[in-house]
Amino acid sequence: STRALYERNMEKLVLPVFASYTLREISVRKVDQFLKKLASTKSYSTAKQARTVLSLAFGLAVRYDAIRENPVRDAARLHKPPSQTMSLTLEQVEAIRHATRNWRRGPGVPGPPPDGQLEQIIEIMLGTSARIGEVLAIRRCDVDVTVSPATVRICGTIVSPAGKPTYRQPHPKTQKSTRVVSVPSFAAEVIRERLVVVGQEDPEHLLFFTRNGTPLTTNNIRRRLRAVLADAGIEGVTPHAFRRTVATVLDRASGPDLAAELLGHSSSKITKEHYI
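Residues numbered from 1 in each chain as written. Predicted model: local features only at pLDDT ≥ 70, side-chain atom pairs only at ≥ 80, totals over all residues. Heavy atoms only, no water.

*Asks:* When you look at the pattern of salt bridges in this model, what are you seeing that I'm missing?
*Replies:* Oppositely charged side chains are able to pair whenever their charged atoms sit close together. Across all of its chains, the model carries 12 salt bridges by this definition. The salt bridge partner of Arg97 is Glu94, with a shortest N-O separation of 2.9 Å. Taken together, the positions of Arg97 and Glu94, both in helix α4 (residues 90-102) and 3 residues apart, correspond to about one turn of that helix. Look at Arg97 and you get buried, because its relative accessible area is 14%. The salt bridge involving Lys269 is made with Glu273; its shortest N-O contact spans 3.2 Å. Of the two residues, Lys269 and Glu273 both sit in helix α11 (residues 268-274), 4 residues apart, roughly one turn of that helix. (Salt bridge = Lys/Arg side-chain N within 4 Å of Asp/Glu carboxyl O. Helix = DSSP H or I, 4+ residues; strand = E, 2+ residues; numbered from the N terminus. Buried < 20%, exposed > 50% of the residue type's maximum accessible area, 1.4 Å probe, protein only.)

Put into structure tokens, the structure is as follows:
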């Protein structure tokens, strides 16, 4: 949740630097140097998150008359580096598919072979443009293969709060991004394969799950994907690259508005800036 994120950022980023100062000792210059250092040593995103929690804390102090002005207000603006939007070519997608299908399946590989869910998840990401958490949250009742083309309702996401069990949240990243998408035949085929696996289960049962029947975590899938791609010598591909790939393909075929609608964005501005 947002509150947990704020608490974590305050504890991990802000307090180690500012805990020994009194409120009045924290000047605009100190805040400025702290944020610039964070942006250069960590990332723009980390610095921006630290700025947010600092500003909220000082805003509260101002309201309680503990200090007169919020020093974060006058700190220099953080300049966002140009977005490195990565969209995959068809050749790269095929190389990823090949690497995933063949990972740890050759003769002489110790241990049981992979369960096949990773390559199926990749196909659903490519077929729906959904976020990784949204794909892992698809239930039996969210898919319909009786219509042509088959459809998937994106209406939840998988959440892993710190120190608590992973669970399915009953709406996607934003409340407004609930959507029904028609999927291409390669994704419909995977859905049918998963329906065979969960055919006797409750309609609310997830299509993808662990050996214990619990939700898969997004970190688990990211880690597995990294391992597969590292073995295949493919670099810089994250689950989000599949989402950007679909956005780019759709933009070329039908323009940014359709891409935004499929991705669940409220306007095509975000789609154009960060995905296409």
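*Asks:* I'm lost on the sheet that holds strand β2 (residues 151-154) in this one. Help?
*Replies:* Picture the strands of a sheet paired through backbone hydrogen bonds; they go either parallel or antiparallel. Spatially, β1-β2-β5 is the arrangement adopted by the 3 strands of the open sheet, whose pairing is antiparallel. Sheet topology places β1 (143-144) and β5 (179-182) at the edges, where each strand pairs with a single neighbour. Both β1 and β2 contribute to a ladder of 2 bridges, which runs antiparallel. Along β2, the bridge assignment pairs Asp144 with Thr151. (Pairing = 2+ DSSP bridges.)

*Asks:* How do you make sense of α4 when you look at a structure like this?
*Replies:* Think of an α-helix as 3.6 residues a turn; residues three or four steps apart then line up on the same face. Taking 1.5 Å per residue, 13 residues should reach 18 Å; α4 reaches 18 Å between its end C-alpha atoms and fits that length. Listed in full, the buried residues belonging to α4 are Val93, Ile96, Arg97, Ala99 and Thr100. Around the axis of α4, the buried residues are gathered within 165° of arc, so they sit on the same side. When the buried face of α4 is taken as reference, the exposed residues oriented beyond 90 degrees from it are Leu90 and Glu91. For α4, the elements touching its buried residues are α5 (117-128), α7 (185-197), α8 (218-232) and α9 (239-254). With its phi angle positive at about 55°, Arg104 sits one or two positions after the end of α4. (Expected span 1.5 Å × (residues − 1). Arc of directions from axis to C-beta. Contact = heavy atoms within 4.5 Å.)

*Asks:* Would you explain the nonpolar core in this entry?
*Replies:* One recurring pattern in soluble globular proteins: nonpolar side chains tend to sit buried together. Counting residues in hydrophobic clusters, the biggest one holds 45 residues, and the most contacted among them are Ile121 and Phe242. If you list the elements that add at least two residues to this core, you get α4, α5, α6 (132-136), β2, α7, α8, α9 and α10 (256-263). At 6 residues, α5 tops the list of elements feeding residues into this core. In this view, Ile121 contacts Ile132, Val135, Leu136, Phe208, Leu216 and Ile221; residues no more than four positions away in its chain are not counted. Tyr44, Phe58, Ala61 and Leu78 belong to the second-largest nonpolar core, a separate cluster that totals 19 residues. (Core = buried A, V, L, I, M, F, W, Y, C linked by side-chain atoms within 4.5 Å.)

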